[in-house]
Amino acid sequence: MRPATLLLFISFAAAANNGLPARPAPSDYPVQTTGTSATVAADWMGADQVKGSFSTDLSDYVVVEVALYPKDGKSVDLTTIDFALRGDGRMIRPVDPRSIANIHQKRANKRGSDLVLYPTVGMSTGTWGTGGGVGVGVGQGRSRGPASTPRDRDVMEMELEEKALQDGQAAKPVAGYLYFPVGKKKAAGYDLEYQNGDTDVKLRLTGN
Amino acid sequence: MGMRRLMAVTTLALAAVSAAEAFPRVRVGGVSGNFGYMRGGPGYWGSPYGYGFYDPFWYYGSFAHPGYFGSFAQGPGMGEVKLIGAPKDALVYVDNAYAGEVRKLKTMWLEPGVYNLEVRDGDRKFTRRIYVLSGKTLDLKATPTEVASTK
């Protein structure tokens, strides 16, 4: 099997099990609220926690573990774009893993430089005679930063996707991460909003 | 402006060969070359001490400066995995294949990719799906605490 085909196969196989296991009860999360058709619970991951859990650099993101517990007998059409983070006068939607991986890989591919030394030996000849010499030139080249290859992009995408909250019909509790691009400077608290049909809830996230 | 010079220089630089993607912080360079023809005309050669001389002759000649260049790269092609807190004689498995003892694998270099890592110490184990990125270090607190199932 060719590597690309194998990777695709693994991606599809993994997609079925993506997301995180929901904690036993909504009360196992720091905040929770109940809407018409489901209970939504959330946990804002601290910076250290994110650093320890992800290989991908997510320092520009607020990572929230979100769980959705549909009410008995109800099924929720879950779409991550229905979530939003509100804080500092901004409303931010979650970004999909592929975009994050692309941004990181392109950014890493642009940065970095090499110090290049050019030792040379020379010989000159002319009407003045013949002579030789040695010299060293210094220049600057370009190098790739960490996580800059296409393979890295695939790995980052796979990591983020496997842990992300998945779109789809949810008839039983589901959980996963949402990645909000807020930048390096983060607010002390955010409101996590979820609007889907007759469910319209808001959770206050604090503590980071 | 007493000195007039005509210089024709052709610079040839062959592309740098990055032969060390497989191992970090080493990069092999390439070769370069300067070839040219110089021609100078009559002019006055001065000196900071106030005296000099007039050179009435033309001079000309060719030069060749072949060179080799190397560089110090910052773009490693592999990722580092450090096992922290694992007993030295525990066994390391990568994707279910035995890789060695912790004492020899406290630091591992792996190609970018997704791996299932397992550290077994008697009836205890540590398992983790790891995501290795080039040029990055993954510090894993790999203390075996789970009870390994008996097959």
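Basis of the calculations
Residues numbered from 1 in each chain as written. Chains lettered and ligands numbered in written order. Predicted model: local features only at pLDDT ≥ 70, side-chain atom pairs only at ≥ 80, totals over all residues. Heavy atoms only, no water. Helix = DSSP H or I, 4+ residues; strand = E, 2+ residues; numbered from the N terminus. Contact = heavy atoms within 4.5 Å. Areas by Shrake-Rupley, 256 points an atom, 1.4 Å probe, with all protein chains shown as cover. Salt bridge = Lys/Arg side-chain N within 4 Å of Asp/Glu carboxyl O. Pairing = 2+ DSSP bridges. Buried < 20%, exposed > 50% of the residue type's maximum accessible area, 1.4 Å probe, protein only. Axes fitted to C-alpha atoms, helices over the stretch in contact; angles between N-to-C directions. Core = buried A, V, L, I, M, F, W, Y, C linked by side-chain atoms within 4.5 Å. pLDDT = per-residue confidence, 0-100. Phe/Tyr/Trp six-rings, centres within 6.5 Å; stacked < 30°, edge-to-face > 60°. Lys NZ or Arg CZ within 6 Å of the ring centre and 35° of its normal.

1. Points about the overall build of chain A
Thinking step 1. In terms of regular secondary structure, chain A is built from 4 helices and 12 strands.
Thinking step 2. Of the contacts made within chain A by residues no fewer than 6 positions apart, 70% connect residues no fewer than 24 positions apart.
Thinking step 3. As displayed, chain A has an accessible area near 10900 Å², and 54% of this comes from carbon and sulfur atoms.

2. Quick word on the pattern of salt bridges
Thinking step 1. Counted by the stated rule, this structure contains 11 salt bridges over all chains.
Thinking step 2. A salt bridge links A:Glu162 to B:Arg129, with the nearest nitrogen and oxygen atoms 2.6 Å apart. Residue A:Glu162 is located in helix H4 (residues 150-163), and its partner B:Arg129 is located in strand S11 (residues 124-132); the two belong to separate chains.
Thinking step 3. Residues joined in a network through salt bridges with shared partners are A:Arg23, A:Asp43 and A:Glu65.

3. Quick notes on the pairing of strand S7 (residues 91-94) of chain B
All names here are of chain B.
Thinking step 1. Summarising the sheet, S7 and strand S8 (residues 97-101) pair through 4 bridges and their orientation is antiparallel. Paired with Val94 across the two strands is Ala97, which belongs to S8.
Thinking step 2. If you look at the hairpin formed by S7 and S8, you'll find 2 residues sitting between the two strands, and Asp95 has a positive phi there, around 50°.
Thinking step 3. For S7 and strand S10 (residues 113-121), the ladder comprises 4 bridges, and the chain directions are antiparallel. In the strand pairing of S10, Leu91 is matched with Arg120.

4. Considerations on the side chain of A:His104
Residue and element names in this part refer to chain A.
Thinking step 1. Counting through the fold element by element, His104 comes out in helix H3 (residues 97-110).
Thinking step 2. Residue His104 is classed as buried on the basis of its relative accessible area, which comes to 11%.
Thinking step 3. When residues no more than four places from it in sequence are discounted, the contact partners of His104 are Thr56, Asp57, Tyr61, Ala147 and Met156.

5. What about the sheet that holds strand S6 (residues 79-84) of chain B?
Pairing between the strands of a sheet comes from backbone hydrogen bonds, and it takes one of two forms, parallel or antiparallel.
Residues and elements named next belong to chain B.
Thinking step 1. Strand order in this open sheet of 3 strands is S9-S6-S12, and the pairing throughout is mixed. Both edges of this open sheet fall to strand S9 (107-110) and strand S12 (137-141), since each of them pairs with a single strand only. Across this sheet, the average inter-strand angle for adjacent strands is 25°, counted without regard to direction.
Thinking step 2. Sheet analysis places S6 next to S12, joined by 5 bridges and oriented parallel. Across the sheet, the residue bridging to Leu83 is Leu140, located in S12.

6. Thoughts on the sheet that holds strand S3 (residues 61-70) of chain A
Residues and elements named next belong to chain A.
Thinking step 1. An order of S1-S2-S3-S10 is seen for the 4 strands of this open sheet, with the pairing classed as antiparallel. Taken across any chain shown, the strands that pair with only one partner, and hence form the sheet edges, are strand S1 (31-34) and strand S10 (174-181). With direction set aside, neighbouring strand axes in the sheet form an average angle of 25°.
Thinking step 2. As defined by bridge partners, strand S2 (residues 38-44) adjoins S3 across 7 bridges and the pair is classed as antiparallel.

7. A few points about the nonpolar core
Thinking step 1. Formed by 25 residues in total, the largest nonpolar core has its most connected members in A:Phe83, A:Leu85, A:Phe180 and A:Leu192.
Thinking step 2. When contributions to this core are tallied by element, the ones reaching two or more residues are S2, S3, strand S4 (76-78), strand S5 (83-87), S10, strand S11 (189-196) and strand S12 (199-206) of chain A.
Thinking step 3. With near-sequence residues (within four places) excluded, A:Phe180 lies in contact with A:Asp60, A:Tyr61, A:Val62, A:Val64, A:Phe83, A:Ala84, A:Leu85, A:Ile92, A:Arg93, A:Pro94 and A:Leu192.
Thinking step 4. The next biggest cluster of nonpolar side chains, apart from the first, holds 19 residues, and it includes B:Val81, B:Tyr115, B:Leu117 and B:Ala142.

8. Focus: unusual backbone geometry
Residues and elements named next belong to chain B.
Thinking step 1. If you check the backbone angles, Asp95 has positive phi at about 50° while not being a glycine.
Thinking step 2. For Asp95, the location among the structural elements is in the loop between S7 and S8.
Thinking step 3. With a phi angle near 70°, Asn96 is a residue other than glycine that sits in the positive phi range.
Thinking step 4. Along the chain, Asn96 turns up in the loop between S7 and S8.
Thinking step 5. Given a relative accessible area of 67%, Asn96 falls into the exposed group.

9. Focus: the environment of A:Phe180
Thinking step 1. Structurally, the position occupied by A:Phe180 is in strand S10.
Thinking step 2. Taking the C-alpha atoms as reference points, A:Phe180 and A:Tyr61, separated by 119 residues in sequence, lie 5.2 Å from one another.

10. Here we look at the confidence of the model for chain B
All names here are of chain B.
Thinking step 1. Mean pLDDT over chain B: 73, with 66% of residues reaching 70 or higher.
Thinking step 2. Low confidence marks residues 1-27, where pLDDT is under 50. Its contacts with residues over four positions away, or in another chain, come to 67 contacts.
Thinking step 3. Within the model, the stretch residues 71-75 combines pLDDT values under 50 with 18 contacts to residues more than four positions away or in other chains.
Thinking step 4. The ipTM for the predicted assembly is 0.74, set against a pTM of 0.67.

11. A closer look at the packing of aromatic side chains
Thinking step 1. Summed over the entire model, instances satisfying the criterion amount to 5 aromatic pairs over all chains.
Thinking step 2. On the numbers, 6.1 Å between centres and 80° between planes, the contact of A:Phe54 with A:Tyr179 is edge-to-face. Linking A:Phe54 in the loop between helix H2 (47-53) and S3 with A:Tyr179 in strand S10, this pair joins segments that are 125 residues apart in sequence.
Thinking step 3. The class for A:Tyr179 is buried, based on a relative accessible area of 1%.
Thinking step 4. Connected via pairs of aromatic rings, a cluster forms that spans A:Phe54, A:Tyr177 and A:Tyr179.
Thinking step 5. Residue placement shows A:Lys163 over the ring face of A:Phe54; its charged tip is 4.5 Å from the ring centre.
Thinking step 6. The residue whose ring lies beneath B:Arg120 is B:Tyr93, and the NZ or CZ to ring-centre distance is 3.8 Å.

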